[in-house]
Amino acid sequence: MGITSLSKPLGSYVVSINRLSKNLLKILMVIPKSCLSIAYLCIGLALIRSVNECRDGYLSLRWPNEVLCGESLMFKYTLDDVRFSNDYGEITLTLIIYEDTLASIPNLRDVQEFIARFELILSNILNDLREGLRFKYIQEYMRNLTLLGEEVLITLRDGSKISGEVLGLKLDGSLVLLRNNKVEYVDPLKVKSIETIWP
């Protein structure tokens with residue numbers, strides 16, 4: 001595990017964790033391509049489980065890659081260097097921990113302790129996904145999802161935009177949108193940014 005301290009963008013000190021334990025990397029390397037989108041969401045679930053409780057409010061997930069405590073952003077993560085060979089992939093995970101996050105988690109001594117807990121939880125979830133267990137994680141994600149019923153504007157990595165009302169999630173982790181009386185699906189791995197436009 002490698003931890004790199006970064007400067008303070010817009011006043012927010014962050015810590016970037018860009019190398020995980022060898023055990024977790026081995027699991028990530030054999031995640032089937034068909035599971036990658038839901039695996040991406042499950043990183044957020046693992047973070048919520050790792051925190052367990054927060055002094056400053058209710059923990060929630062902002063699809064596809066943010067964890068909130070009340071109105072405050074606690075974590076943001078990305079998957080980089082995704083490469084596939086014979087439908088299996090190698091992935092680098094970058095996790096951003098915001099300045100006040102650690103202070104809001106009771107009984108936590110340091111970043112290394114938190115990351116060790118996170119890696120163990122994520123490893124167990126990824127093993128389940130590899131065995132085909134997905135539905136319970138979609139259900140858990142839905143219980144923590146902040147965007148249900150909201151009108152959102154999504155910017156994709158290719159620069160295109162899509163808007164609509166959030167209805168829920170597909171089993172593969174795609175966001176279900178109602179747009180012009182039609183249902184559309186958005187892959188979380190194709191999203192650059194998302195914003196609420198109503199309410």
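Shown above is the structure to which this text applies.
In short, a report on the structure. (Residues numbered from 1 in each chain as written. Predicted model: local features only at pLDDT ≥ 70, side-chain atom pairs only at ≥ 80, totals over all residues. Heavy atoms only, no water.)

1. What to know about the overall build of the protein chain
When helices and strands are counted, the protein chain shows 4 helices and 11 strands. Relative to its full complement of 199 residues, the protein chain shows a buried share of 47%. In the protein chain, the proportion of contacts linking residues at least 24 apart, taken out of those at least 6 apart, comes to 57%. Counting every atom, the protein chain has about 10400 Å² of accessible surface; 48% of that belongs to carbon and sulfur. (Helix = DSSP H or I, 4+ residues; strand = E, 2+ residues; numbered from the N terminus. Buried < 20%, exposed > 50% of the residue type's maximum accessible area, 1.4 Å probe, protein only. Contact = heavy atoms within 4.5 Å. Areas by Shrake-Rupley, 256 points an atom, 1.4 Å probe, with all protein chains shown as cover.)

2. Notes on the packing of helix 2 (residues 36-51) against helix 4 (residues 135-144)
Viewed as axis vectors pointing N to C, helix 2 and helix 4 meet at an angle of 60°, and their least axial separation amounts to 10 Å. One way to sum up the angle between helix 2 and helix 4 is to call them oblique. Crossing handedness for the pair helix 2 and helix 4: left-handed. Of helix 4, the residues touching helix 2 (which contributes I38, L41, C42, L45, I48 and R49) are Y137, I138, E140, Y141 and N144. Among the residues forming the contact of helix 2 with helix 4, the class breakdown is 8 nonpolar, 1 polar and 2 charged. (Axes fitted to C-alpha atoms, helices over the stretch in contact; angles between N-to-C directions. Parallel < 35°, antiparallel > 145°, perpendicular 65-115°, else oblique. Left-handed = near helix turned anticlockwise from the far one by under 90°. Nonpolar A, V, L, I, M, F, W, Y, C, P; charged D, E, K, R; others polar.)

3. Quick notes on unusual backbone geometry
Between W63 and P64 the backbone carries a cis peptide bond, its omega angle lying at 5°. Note the cis peptide between W198 and P199, where omega equals 0°. The backbone phi angle of N180 is positive, close to 55°, even though this residue is not glycine. Relative to the helices and strands, N180 resides in the loop between strand 9 (175-179) and strand 10 (182-186). On the basis of relative accessibility, which here comes to 67%, the residue N180 falls in the exposed class. Despite not being glycine, N181 has its phi angle at roughly 65°, a positive value.

4. Quick word on helix 2
For helix 2, which comprises 16 residues, the first-to-last C-alpha distance of 23 Å matches the rise-based estimate of 22 Å (1.5 Å per residue) to within 8%. Across the 16 residues of helix 2, 15 count as buried, placing the element largely inside the fold. Directly after helix 2, the chain includes N52, whose backbone phi takes a positive value near 70°. (Expected span 1.5 Å × (residues − 1).)

5. Section: the sheet that holds strand 9
Strand-to-strand pairing in sheets goes through backbone hydrogen bonds, with the strands running parallel or antiparallel. What the 5 strands build is an open sheet, ordered 10-9-8-7-11; its pairing is antiparallel. The outermost strands of the open sheet, each flanked by one partner alone, are strand 10 and strand 11 (191-198). Adjacent strand axes in the sheet meet at a mean angle of 45° when their direction is disregarded. Pairing geometry for strand 7 (residues 151-156) and strand 11, over 6 bridges, is antiparallel. If you follow T155 over to strand 11, its bridge partner there is S193. (Pairing = 2+ DSSP bridges.)

6. Structural notes on the pattern of salt bridges
If you walk through the whole model with that rule in mind, you get 5 salt bridges. With a shortest N-O distance of 3.9 Å, E66 and R62 are connected by a salt bridge. Given a relative accessible area of 16%, R62 falls into the buried group. Across the pair D128 and K136 runs a salt bridge, and its minimum N-O distance is 3.4 Å. One salt-bridge network, held together by shared partners, links R62, E66 and K76. (Salt bridge = Lys/Arg side-chain N within 4 Å of Asp/Glu carboxyl O.)

7. Notes on the packing of aromatic side chains
As enumerated under the stated definition, the model contains 2 aromatic pairs in all. Geometrically, the ring pair formed by Y40 and Y77 is edge-to-face, given 5.3 Å between the ring centres and 75° between the ring planes. Of this pair, Y40 sits in helix 2 while Y77 sits in strand 5 (residues 72-85), and the two are 37 residues apart along the sequence. Here Y40 and Y77 have matching classes, each one buried. (Phe/Tyr/Trp six-rings, centres within 6.5 Å; stacked < 30°, edge-to-face > 60°.)

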